[in-house]
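# What the coordinates show
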Amino acid sequence: MMNSPLMRFMGIVLMAIAVTHAEMQDASAADNKVSAGSKMAMVIIGASYAKGWNVVALDGMPVINKGVGGEQTHEMLARFDRDVIAVKPRVVLIWGFINDVFRSEPEEREEKLQRTRENLRNMVDKARRSGVVPILATEVTLPGDEGVVASAMAWIGKMRGKQSYQDQINNHVIEINQWIRGLAAEQKLVLLDFEKALADEDGRRKREYTTEDGTHLSARADEALTHYARGRKLLS
């Protein structure tokens, strides 16, 4: 009876539950340990670009990375109290909205990106009401297609009044980034202009700052962002 396939399967399930529970306890303990000394820390909240940024400290503040891959701004806002306010950091860096653009159909994009603006503003407001200093970051653009043929096709498409998928996405990213710059100026917030830090003369992300599959930031991008951010005064 104990050797039946069903019993063996149940045993595997129970072991998996036990391991997951242990991992969750370890993660909770680690979070509590960080939270206990977080009053001088910076929390970074965002999606996969933020999650992949391996920066340990900025402007003398230890960094607590709360990036979650694939998230949109409404999901960042939904967990803001738990992952930012409850940690009680000195500063929060709010970075990332490109998934809002990726996951919207053309006919609904303008309406959705208006909600993106509202979500970003609400995160700034939440931080300030809780005594946390908000810092804003612009989003990085997508790279263009690589190679002579791709460049020629892009040029021909441009001459015909057509845009590549990357340029369509980038136009929306640049539009929201300009709004973010305005919000930072309006509220006298520090701005990390990551778009410009990684962009070429056409506003596209430089190829060396992109992983081979073209989806995420490369190690060189990581280094460039760290160098750029460490050159900025983040606290007055």
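## A short note on the sheet that holds strand S3 (residues 61-67)
- Strand order in the open sheet formed by 6 strands is S2-S3-S1-S4-S5-S6, with mixed pairing between adjacent strands. Strand pairing shows two members of the sheet lacking a second neighbour, strand S2 (57-58) and strand S6 (191-192), which therefore form its edges.
- Sheet topology note: the strand S1 (residues 42-46)/strand S4 (residues 91-95) ladder contains 5 bridges and is parallel. Paired with Val43 across the two strands is Val92, which belongs to S4.

## Brief notes about the pattern of salt bridges
- With the rule as written, the count across this model stands at 12 salt bridges.
- Where Arg115 meets Glu111, a salt bridge forms, and the shortest distance between an N and an O atom there is 3.4 Å. You can see Arg115 and its partner Glu111 sitting in helix H6 (residues 109-129), 4 residues apart, about one turn around the helix.
- Notably, a salt bridge pairs Glu195 with Arg181, separated by 2.9 Å at the nearest N-O pair. With Glu195 in helix H9 (residues 194-198) and Arg181 in helix H8 (residues 165-187), this residue pair connects regions lying 14 residues apart in the sequence.
- Residue Glu195 is classed as buried on the basis of its relative accessible area, which comes to 8%.
- Here Arg181 falls in the buried class, since its relative accessible area comes to 15%.
- One network of salt bridges, with partners in common, ties together Glu71, Arg79, Arg82 and Asp83.

Rules and cut-offs
- Residues numbered from 1 in each chain as written.
- Predicted model: local features only at pLDDT ≥ 70, side-chain atom pairs only at ≥ 80, totals over all residues.
- Heavy atoms only, no water.
- Pairing = 2+ DSSP bridges.
- Helix = DSSP H or I, 4+ residues; strand = E, 2+ residues; numbered from the N terminus.
- Salt bridge = Lys/Arg side-chain N within 4 Å of Asp/Glu carboxyl O.
- Buried < 20%, exposed > 50% of the residue type's maximum accessible area, 1.4 Å probe, protein only.

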